[in-house]
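Notes for the structure review
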Number of protein chains: 4
Amino acid sequence: MLGKNKLGACLPTFSSCADRYCLSGYGGGGTTVEEMLDLAVQVEELDGLEIVGNWHVNDDIIDDVRKLFADRNLEICMVTPDLWTQAKWGRGSLASTDPKIRREAVAEVKKSMDWAAGVGCGQVDVWPGQDGFDYPLQANFTDAWKWLRDGLEECAAHRSDVKVLVEYKLKEPRTHCYVNSAAKTILLIQGIANCGALLDIGHSMAAGENVAEAAALLHDHNALDYLHLNDNYRSWDDDMMVASVNIPETLELFYWLKKLKYDGWLTLDIFPYREDKLPVARNCFAWMKALSQAVERTGLDKIGAVVSKGDGNESVALVREMLVG
Amino acid sequence: MLGKNKLGACLPTFSSCADRYCLSGYGGGGTTVEEMLDLAVQVEELDGLEIVGNWHVNDDIIDDVRKLFADRNLEICMVTPDLWTQAKWGRGSLASTDPKIRREAVAEVKKSMDWAAGVGCGQVDVWPGQDGFDYPLQANFTDAWKWLRDGLEECAAHRSDVKVLVEYKLKEPRTHCYVNSAAKTILLIQGIANCGALLDIGHSMAAGENVAEAAALLHDHNALDYLHLNDNYRSWDDDMMVASVNIPETLELFYWLKKLKYDGWLTLDIFPYREDKLPVARNCFAWMKALSQAVERTGLDKIGAVVSKGDGNESVALVREMLVG
Amino acid sequence: MLGKNKLGACLPTFSSCADRYCLSGYGGGGTTVEEMLDLAVQVEELDGLEIVGNWHVNDDIIDDVRKLFADRNLEICMVTPDLWTQAKWGRGSLASTDPKIRREAVAEVKKSMDWAAGVGCGQVDVWPGQDGFDYPLQANFTDAWKWLRDGLEECAAHRSDVKVLVEYKLKEPRTHCYVNSAAKTILLIQGIANCGALLDIGHSMAAGENVAEAAALLHDHNALDYLHLNDNYRSWDDDMMVASVNIPETLELFYWLKKLKYDGWLTLDIFPYREDKLPVARNCFAWMKALSQAVERTGLDKIGAVVSKGDGNESVALVREMLVG
Amino acid sequence: MLGKNKLGACLPTFSSCADRYCLSGYGGGGTTVEEMLDLAVQVEELDGLEIVGNWHVNDDIIDDVRKLFADRNLEICMVTPDLWTQAKWGRGSLASTDPKIRREAVAEVKKSMDWAAGVGCGQVDVWPGQDGFDYPLQANFTDAWKWLRDGLEECAAHRSDVKVLVEYKLKEPRTHCYVNSAAKTILLIQGIANCGALLDIGHSMAAGENVAEAAALLHDHNALDYLHLNDNYRSWDDDMMVASVNIPETLELFYWLKKLKYDGWLTLDIFPYREDKLPVARNCFAWMKALSQAVERTGLDKIGAVVSKGDGNESVALVREMLVG
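Remember, it's a predicted structure, so these values are computed and weren't measured experimentally. (Residues numbered from 1 in each chain as written. Chains lettered and ligands numbered in written order. Predicted model: local features only at pLDDT ≥ 70, side-chain atom pairs only at ≥ 80, totals over all residues. Heavy atoms only, no water.)

For the rest of this paragraph, the subject is the state of the cysteines. According to the stated counting rule, one finds zero disulfides over all chains in the structure shown. With no disulfide partner, C155(A) has as its closest neighbouring cysteine sulfur the one in C195(A), 8.6 Å distant. (Disulfide = S-S within 2.5 Å.)

Okay, here's the thing in structure tokens:
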């Protein structure tokens with residue numbers, strides 16, 4: 001735990017990660033959920049893990065899964081409906097041009113909500129990554145947007161004890177995803193009860209956003225519900241270790257999270273293709289602690305005073321002071 | 001005129017353009033408004049021009065300006081408040097941390113609205129380009145957003161015969177501008193009467209948007225009020241000639257403009273630093289006509305049928321057929 | 001065939017493409033080489049195909065492979081050593097920090113050269129995609145560069161009837177690949193006999209290059225040996241259909257290829273994740289033919305006269321004239 | 001001074017910076033050279049300043065300029081030929097299609113070399129920023145490259161006591177500059193005596209390079225002659241304060257500079273549009289000292305041992321340890 005925030009991780013953090021060239025994976029992680037959990041428990045700060053529908057949980061094994069985690073003192077912090085790992089979602093899920101696929105996508109989310117409830121988790125992560133387009137003149141934006149809204153509305157109404165969170169991303173696997181920014185996510189879910197947003201640092205940076213600004217905007221619309229942490233070089237979702245590239249903006253995010261009193265999960269979404277898995281998680285948590293402590297040590301008031309001046313020199317000096325004294 | 005749309009241009013199209021290295025300008029255009037107009041009239045398709053407050057119009061010369069344009073059969077399609085050419089706006093205008101500057105910014109917009117009314121123009125272009133930040137920990141996003149909304153609300157209420165349009169841009173002159181996407185612009189103006197949006201193709205592309213999708217989104221929120229046309233290489237607002245780089249997406253935009261029944265201005269926002277000015281305008285209009293005719297020739301129904309399929313092969317084939325037959 | 005150039009394709013053009021999310025592939029293509037060939041033969045313009053070492057050819061099946069292609073009147077235009085599909089290459093091949101892996105990489109290239117000779121192909125494509133780094137302070141650039149040169153030198157000396165071509169790419173699968181631009185490739189192979197370069201349009205664009213300029217630079221250093229064609233949105237190797245996004249620069253490339261008298265292969269490197277495979281190849285070849293014919297129709301002299309003026313207006317007008325008349 | 005390296009600054013660091021929107025400048029700096037120097041002397045670590053030909057030095061004032069600096073105990077670390085501030089260079093200088101302009105550009109560089117010698121400076125910074133193109137089919141790459149080489153060769157032969165350094169940049173003021181990467185710069189100057197390179201951190205980052213890798217590559221070709229320091233968000237030459245955005249890569253650069261025994265100037269190239277000038281220089285030098293000391297404290301051997309492993313976890317842990325202990 002980091003102050004009020006619990007620390008989580010997506011399962012790929014502890015698995016053998018693959019990409020489009022090395023489809024069998026770069027090795028070094030667990031294959032079964034049990035193997036991944038056995039790695040995960042060795043990261044002492046970890047409070048919970050995300051699981052993916054169908055892959056890690058289904059109707060037949062709900063109780064087993066719950067026990068698997070409970071035995072290891074780990075929570076399940078998220079159930080993610082599988083809307084992106086099968087060929088049938090390739091041209092879209094909730095916004096597919098095929099009404100049958102749209103129905104299946106809604107059903108998949110609802111199932112995942114039930115599984116979430118079954119394993120004691122209060123939220124699902126709807127990531128419409130396959131909903132988008134690749135080529136010019138390939139998308140009817142108006143229809144797609146309506147289908148997304150209708151689908152989310154139906155899902156969110158399915159049961160009130162599990163909240164539907166929408167995760168946005170600029171691109172990948174499509175060259176253009178429809179739900180691609182914090183602001184567009186807010187427009188999408190406006191007026192839909194039981195529906196919120198998930199902010200992924202790397203998705204935000206690769207979308208050209210300042211991530212702290214995205215957090216503030218989501219908070220202003222009561223939609224800062226959950227965070228994925230990682231880092232990248234701004235042009236792609238590299239899923240690298242937290243603060244390994246962009247330290248000042250990650251520091252800025254931690255200031256804003258405290259200022260906004262965000263008390264939700266801080267969950268790693270890392271793809272450690274070539275790295276040993278345990279040090280990856282530990283490296284991330286160590287940076288997160290260092291940045292969090294730098295904010296605490298300096299104090300919200302002092303930081304806030306600088307932030308409110310809008311003076312570049314003072315901001316740069318403050319960041320340096322907070323990091324290297 | 002291009003179908004129902006009138007054709008306009010920003011004045012820099014006909015002036016000597018400068019950049020931060022060659023501050024005296026690369027030459028070849030007019031210096032006074034009159035000189036620029038004398039160039040502009042030679043572009044036969046041109047229906048109107050944009051002017052900037054203080055620089056091209058003020059209380060003392062409203063009648064002269066109106067006459068200058070009327071004598072040449074040119075409309076004034078936009079008055080742009082000067083919120084970005086003076087050092088005093090350097091750290092922000094409507095969202096400056098200095099309340100005095102915020103007051104001046106609101107006053108400047110109101111003045112421009114009066115000037116617009118005086119010259120027979122129904123809209124002003126509020127481009128908050130200086131409102132943003134450069135460094136991490138340099139901005140209080142929440143305050144800035146509130147000040148932007150409050151300022152716009154007051155401006156929009158000033159007079160109902162001139163509409164306040166907000167132009168978004170990801171960056172430049174700041175490394176981060178607050179109003180940086182179509183979706184965020186919609187959030188900004190939500191609930192403010194007499195307030196709309198201006199879509200600049202290049203700003204949209206450099207913000208990572210598909211510009212036709214941005215147009216559709218703005219239209220869905222009754223905010224597709226005005227267009228700036230140009231082109232770039234996606235990472236910067238290069239202000240190049242229309243369709244000189246990105247033909248398929250510009251073609252897609254023209255399809256959507258017709259489908260959405262956009263009947264507003266199509267105004268060039270080009271910075272022809274090193275080019276003769278007249279051929280620049282003519283090149284742009286020639287491409288715009290070619291793309292517009294390609295849409296007409298093919299027909300909205302046929303295009304719409306392909307678009308609705310979401311099949312990459314059909315979309316690519318259609319674009320090729322529309323362009324090279 | 002397109003003038004003097006033969007038309008090829010990489011095998012993924014006809015296979016079910018996978019990415020890191022949908023590891024089992026999006027479907028629709030062949031699984032075995034035979035199935036892929038049976039698709040390929042239906043694209044009438046196709047002259048040949050690339051194959052990958054180990055996956056499609058090995059010591060035991062050389063004759064079978066040769067026959068498989070000969071029976072279908074298809075050439076094998078490239079054998080690509082497998083330096084990137086197995087976990088063992090994850091931290092590098094020719095430039096691995098592990099000398100044993102470096103030896104294996106050299107052996108793999110040599111084996112592929114033998115296979116190439118065996119199937120009547122005069123070149124191998126060394127793509128050191130795993131040779132690079134992800135994080136700051138993770139690479140000894142000097143060592144890596146020396147290892148790359150030493151390895152290539154040894155491979156190129158292995159046999160003179162098969163030329164070693166180096167394919168550059170800015171990133172992916174590493175966040176930084178060492179061999180990342182045309183100029184750096186030239187530096188890498190300088191002074192190594194029997195070693196050339198492979199230019200991939202998409203790699204060049206995503207590296208911030210103008211692809212025609214890259215072709216001219218390689219040609220000036222006698223290293224324009226082979227081409228991969230595709231397209232993307234400039235920030236990633238999207239492997240999309242040729243000219244589907246960037247038409248003017250692809251047209252410019254075709255002008256330069258003719259001017260430079262490039263008479264090598266024009267090979268598709270497309271990943272049609274969600275598209276039917278045959279129309280993808282046909283769409284690409286149709287655009288290539290259209291652009292090639294536009295150059296022929298206009299004439300090298302006329303184009304060259306405009307190019308040599310350096311006048312933006314004339315260039316934009318020429319492109320428009322060549323495309324839409 | 002920072003170890004063996006002297007600390008410099010370009011004059012804009014102490015002047016009122018302008019951009020294309022606010023052409024009269026954002027204010028706060030000096031206007032005359034004397035005013036800028038009077039600011040500069042207040043930055044105690046500063047050893048020298050760069051000046052630009054024509055603007056700050058010419059035949060008539062060489063002695064005055066030398067005295068102006070000597071009186072303040074400041075060196076002139078660079079004379080930059082003015083190849084980019086006048087309209088006549090707009091379509092190119094050394095690589096202009098107009099042979100008369102090419103002659104003038106060569107003459108301008110030679111004059112600057114004489115001025116450099118006159119003020120006791122051993123190098124000039126040839127930045128061919130206007131040499132490039134904006135539109136497809138606007139450039140004859142082969143001719144341009146030859147003109148660049150011929151021009152540089154003639155300049156470098158002018159006098160051996162002043163070295164000609166070439167500064168590369170991907171873009172701006174042109175959308176494409178010919179000399180755009182470290183590798184291409186090496187190719188350009190290969191075989192030309194008395195000709196080297198200038199590495200600008202921000203130009204390198206915006207060109208997609210890892211800046212330490214660029215430094216190592218230049219060093220391997222005896223061309224790491226001079227450094228410009230600043231920072232940016234990777235897609236544009238924002239000319240921000242050193243390490244204000246990208247700390248790990250700037251740290252990595254300082255490790256490599258020490259490892260490569262670079263003992264040249266470390267010169268700020270910052271455009272503090274909206275910031276007070278003195279704190280800008282001090283902020284930069286403070287970060288440079290902090291990073292330099294972190295390298296010294298940790299030791300080249302220890303860092304080198306991690307770098308040579310190529311293990312992401314160890315690299316990330318090392319950076320964190322070096323920064324926040």
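Next, the rest of the story.
With that settled, the discussion passes to the relation of the copies chain C and chain D. Least-squares fitting of chain C to chain D yields an RMSD of 0.0 Å, with the transformation described by 0.0 Å of translation along the axis and a rotation of 180 degrees. With respect to symmetry, the two chain copies, as superposed, fit the operation of a two-fold axis. Across chain C, the rotation axis passes nearest the C-alpha of A183(C), at a separation of 2.7 Å. Interface residue correspondence from chain C to chain D reaches 100%, placing this contact among same-surface, isologous pairings. (Least-squares fit on C-alpha atoms with pLDDT ≥ 70 in both. Contact = heavy atoms within 4.5 Å.)

To continue, consider the side chain of T298(B). Note on placement: T298(B) falls in helix α9 (residues 277-298). Dropping the residues within four chain positions of it, T298(B) is found in contact with I303(B), L318(B) and M322(B). (Helix = DSSP H or I, 4+ residues; strand = E, 2+ residues; numbered from the N terminus.)

When the charged atoms of two side chains lie near each other, side chains of opposite charge can form a pair. Going through the model one piece at a time under the given rule, you end up with 108 salt bridges over all chains. Residues K309(B) and E314(B) are paired through a salt bridge, measuring 3.1 Å at the closest nitrogen-oxygen approach. You can call E314(B) partly exposed: its relative accessible area is 31%. As a salt-bridge pair, K6(C) and E75(C) come within 2.5 Å of each other at their nearest N and O atoms. Here K6(C), found in the segment before β1 (7-9), pairs with E75(C), found in strand β3 (residues 75-80); they are 69 residues apart in sequence, far enough to count as distant. E75(C) sits in the partly exposed class, given a relative accessible area of 33%. Among the ionic contacts, a cluster of salt bridges with common partners joins R20(A), K169(C), E172(C), D237(C) and D239(C). (Salt bridge = Lys/Arg side-chain N within 4 Å of Asp/Glu carboxyl O. Buried < 20%, exposed > 50% of the residue type's maximum accessible area, 1.4 Å probe, protein only.)

A word on the interface of chain C and chain D. Every contact between the two is made by 49 residues of chain C and, on the other side, 49 residues of chain D. Note on chain C versus chain D: buried area summed over both sides is about 4200 Å², and carbon and sulfur give 61% of it. The largest contributions to the chain C side of the interface with chain D come from L137(C), F141(C) and E213(C), which together make up 19% of the buried area. Applying the counting criterion to the chain C and chain D interface returns four salt bridges. The residue K184(C) makes a salt bridge to E213(D) at a minimum N-O spacing of 2.6 Å. For the pair chain C and chain D, the number of links is 11 residue pairs in polar contact (both at pLDDT 80 or more). (Buried area = accessible area lost by both parts, 1.4 Å probe. Polar contact = N/O pair within 3.5 Å; in protein donor to acceptor, adjacent residues only side chain to side chain.)

It is worth spelling out the packing of helix α4 (residues 141-156) of chain C against helix α7 (residues 211-220) of chain D at this point. Contact pair α4(C) / α7(D): the axes reach a minimum separation of 9 Å and the direction vectors enclose 60 degrees. For the element pair α4(C) / α7(D), the angle class is oblique. Judged by the twist between their axes, the crossing of α4(C) over α7(D) is right-handed. Residues F141(C), T142(C) and W145(C) of α4(C) lie in contact with α7(D), whose contacting residues are A212(D), E213(D), A216(D), L217(D) and D220(D). Each residue belonging to the contact of α4(C) with α7(D) can be placed in one class, and the counts come to five nonpolar, one polar and two charged. (Axes fitted to C-alpha atoms, helices over the stretch in contact; angles between N-to-C directions. Parallel < 35°, antiparallel > 145°, perpendicular 65-115°, else oblique. Left-handed = near helix turned anticlockwise from the far one by under 90°. Nonpolar A, V, L, I, M, F, W, Y, C, P; charged D, E, K, R; others polar.)

By themselves, these observations are geometric and do not establish any function.
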